[in-house]
Amino acid sequence: MNRLLQIELVKLKYYPTFWILTGIAFGFYVLILYAATQINFDIKGIDLHVYFRFPVVWQSIAYYSSWFNLLLALLIIILTGNDFVFRTIRQHVIDGLNKQEIFISKLQMVFLFAVVAFAVNFFSGFFVGSIFTDGYSQVFNDIYFVALYFINVLGIMSIALLISVLLKNIAASIVVFIGMYIFELILRGYFALMSLNFGQFLPFKVFSNLCSAPSLKKMISDPVIKQSIEQSMQTASAWEMPLGINVSLSIFYIAGFFYLSYYLLQKRDL
Amino acid sequence: MEILNIEGISKTYGANIAVKNLSLKINAGEVYGILGPNGSGKTTTLGIILGVIRPDSGFYEWNQKINSLGALLETPNFYPYLSLQQNLEITALIKQVDFSEIDVVLEKLALLDRKHSKYYSLSLGMKQRLALANVLLGNPQVLVLDEPTNGLDPQGIADVRQIIIDEAKTGKTIILASHLLDEVEKTCTHVAVLKKGEVIKKGAINELLKVKRSLIVSSDENERLFELLVRSGLFEKVDKKEDLIYIDLGDNMNSKDVNEFAFKHNIVLTRFEMHEKSLETEFLKMVK
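Within each chain, residues carry numbers counting from 1 in the order of the written sequence. Chain A is the first chain written and ligand 1 is the first ligand written, with later ones labelled in order. Restriction of local features to residues with pLDDT of at least 70 applies here, the model being predicted, together with a cutoff of 80 or more for giving and counting side-chain atom pairs; totals for whole chains, interfaces and linings are based on all residues. The side-chain quantities take in all heavy atoms of the structure and omit both hydrogens and water.

Regarding the overall build of chain B
To be explicit about the condition: Runs of H or I in DSSP of at least four residues are treated as helices and runs of E of at least two as strands, each being numbered from the N terminus. Burial status follows relative accessibility: with a 1.4 Å probe on protein chains alone, a residue under 20% of its type maximum counts as buried, one over 50% as exposed, and anything between as partly exposed. Two residues form a contact once any of their heavy atoms are found within 4.5 Å.
Looking only at helices and strands, chain B features ten helices and 13 strands. Taken over the C-alpha atoms alone, chain B extends approximately 75 × 45 × 35 Å along its principal axes. Put simply, chain B has 288 residues, and 51% of those count as buried. Sequence-distant contacts in chain B: of pairs separated by 6 or more residues, those separated by 24 or more amount to 67%.

The following block contains the structure:
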């Protein structure tokens, strides 16, 4: 196994906080998903279970999984912050790692988390979809939402990594991360009031667009109601970023945040 | 063989000058002490040569043939939630050393029976010993130690001093920053004294101390002897405190010359004490 990843895994493997947070999050993930699948309204023309069938389930699960991004961001902040708080990042350089290797080890940790989150997302979607769908003819339709979720989670963790490298302090990083999210919400609200589309280009929004909630109209099976809702939504809908631009912009942001983290590590004393 | 060449490094923190145009050359096999009062730039200098602090100007260069280095800078830095074994596993992975060597260094530092204890449960002295075990892991050719006896009890200090001496005997190059002058005097072959970020004295420790021998004398005619000694201008420095006369011999005079000087002037010396000046006396004089 890669030496740098092995170093990160030793830190993770024996870290109680990591297992407690992950355990709680995974427990809630399964519990909420199970509870959601048990809900059904007996109203004519509305079918809630459509969200758990292929192909819609991929988007539903990607949206649902993105709720847990905060936890992944927290883990990145805590694990990176630990290295600054315990000054072990400094010790690693003294012991022989260079700053580039330290950055790569953090990057590998971020990708590892993203891959695990991706796998959980994929298997949850496949499992739930298999239960609620008769047959697998549509199983691969819309499966790209799993890939979009991967980019989404990578994006959120790239912000977390940058903040923790910038501030070198766990508590401050958590406050700033949540503060940035709230600030962006306010800014988006302001732009929306001014009828400007700038808010769509802000990083949290760009990432969250990748895992947007599936449309409510999907649960409506009555064609007449569906058409009338579609008409009303067409007149009210705001500008939406095309998916290609959204993905490109996300990758641009992720690359930018990773580069800034690398730059800060290289340029600053430890 | 030159191990480390430092050329004109400087580092400032805001208005504070931590290191100013510092140059040093350290050769293989030397035990090089870096002395200086608090804030003199010792740790910053070591931080720079270890790559954790960026100098504002100047450069340093390790010999290309050096492929292993063990260092302790300021306080020990480990993960408190990990055991000693797990913490050293991380270092072993960094240094690309076999995990089996962990027991060897823990044994050397008398920590083997605590290998499964969490780092946070260790005493200050044990933490310092673990830091030294971390330094020695992988049997590095060069050791850089910043205050290695911090937090240790007298027995611990003696043990660490012995380890440094033993490691030096194997031909290792050791760079040791300390404010414990006795420690430096007993372990180092060379020394550089820093003051306000500048090297004010450097060289072989024997050379530094050899030329600074002094005498304490007294006689029944102390006043006359003192005046004659001062007037002669033969000696580097002559002082009188109460009924004792302190003579710094300088480079060209020795104790026999003082005896002959007194005899020539018909003065009988009632006290004649030779003093090899300690590093402490010299150091205090230099940084004053």
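Still more to cover.
A word on the confidence of the model for chain B
Spelled out, the test is: A residue's pLDDT is simply how confident the predictor is in it, with values from 0 to 100.
Residue-level pLDDT values for chain B average 89, and 97% of them are 70 or greater. As scored by the predictor, the complex reaches a pTM of 0.84 and an ipTM of 0.88.

A look at the sheet that holds strand β7 (residues 173-178) of chain B
All names here are of chain B. Rules: Here, any two strands with at least 2 DSSP bridges between them count as paired. Between the N-to-C directions of two axes lies an angle of 0 to 180 degrees, each axis being a line fitted to C-alpha atoms and, for a helix, fitted only over the stretch in contact.
Reading across the sheet, the six strands line up as β5-β6-β7-β3-β8-β9 and stay open at both edges, with mixed pairing between neighbours. Looking at strand neighbours, the two that pair on one side only are β5 (69-72) and β9 (198-204), the edges of this open sheet. Averaged over neighbouring strand pairs, the angle between their axes works out to 10° when direction is ignored. Bridge count for strand β6 (residues 142-146) against β7 is five bridges, and the pairing is parallel. Across the sheet, residue Leu-145 finds its bridge partner in β7, namely Leu-176. Taken strand by strand, helix α1 (residues 42-49) contacts β3 (31-35), β6, β7 and β8 (190-195), and its axis lies near 145° from that of β7. Here helix α5 (residues 154-169) sits on the sheet in contact with β3, β6 and β7, set at roughly 150° to β7.

Here we look at the interface of chain B and chain A
Short version of the rule: We define buried area as the total accessible area lost by two parts upon association, computed with a 1.4 Å probe and summed across both. For this document, the term salt bridge refers to a Lys or Arg side-chain nitrogen within 4 Å of an Asp or Glu carboxyl oxygen. Polar contacts here mean pairs of N or O atoms no more than 3.5 Å apart (in protein, one a potential hydrogen donor and the other a potential acceptor; neighbouring residues in sequence count only if both atoms are side-chain atoms). Nonpolar residues are Ala, Val, Leu, Ile, Met, Phe, Trp, Tyr, Cys and Pro. Charged residues are Asp, Glu, Lys and Arg, and all others, Gly as well, are polar.
The partner chain A presents 27 residues to the 26 residues of chain B that form the contact. In this assembly, chain B packs against chain A so that about 2600 Å² is buried in total across both faces, 57% of it on carbon and sulfur atoms. Three residues, Asn-77, Tyr-81 and Ile-94 of chain B, lead the burial of chain B against chain A; their summed loss comes to 26% of the area buried on that side. The interface formed by chain B and chain A contains three salt bridges. Between Asp-269 of chain A and Lys-11 of chain B there is a salt bridge, with its nearest N and O atoms 2.9 Å apart. Scanning the region where chain B abuts chain A turns up 14 residue pairs in polar contact (both at pLDDT 80 or more). Looking at the side of chain B that touches chain A, the elements that each hand over two or more residues are β1 (2-13), β5 and α2 (84-95) of chain B. If one sorts the elements of the side of chain B that touches chain A by residue count, α2 of chain B sits on top with seven residues. Looking at the side of chain B that touches chain A residue by residue, the classes come out as 15 nonpolar, six polar and five charged.

What about the domain arrangement of chain B?
Residue and element names in this part refer to chain B. Put simply, the rule is: Where a domain begins and ends is set by an automatic assignment or by a domain database.
By domain assignment, chain B separates into domain 1 (2-208) and domain 2 (212-287). On a C-alpha basis, the centroid separation for the pair domain 1 and domain 2 is 40 Å. Across the boundary between the two partners, domain 1 contributes 13 residues, which contact seven residues of domain 2. When the two sides are added together, the surface that domain 1 and domain 2 hide from each other amounts to roughly 880 Å², 80% of it contributed by carbon and sulfur. Considering only the side of domain 1, the residues that lose the most area to domain 2 are Leu-181, Glu-185 and Leu-208, jointly responsible for 47% of the buried surface there. Across the domain 1-domain 2 interface, the total number found is zero salt bridges. Counting across the interface, domain 1 meets domain 2 through zero residue pairs in polar contact (both at pLDDT 80 or more). Elements with a minimum of two residues in the side of domain 1 that touches domain 2: α6 (181-187), β8, β9 and α7 (205-210).

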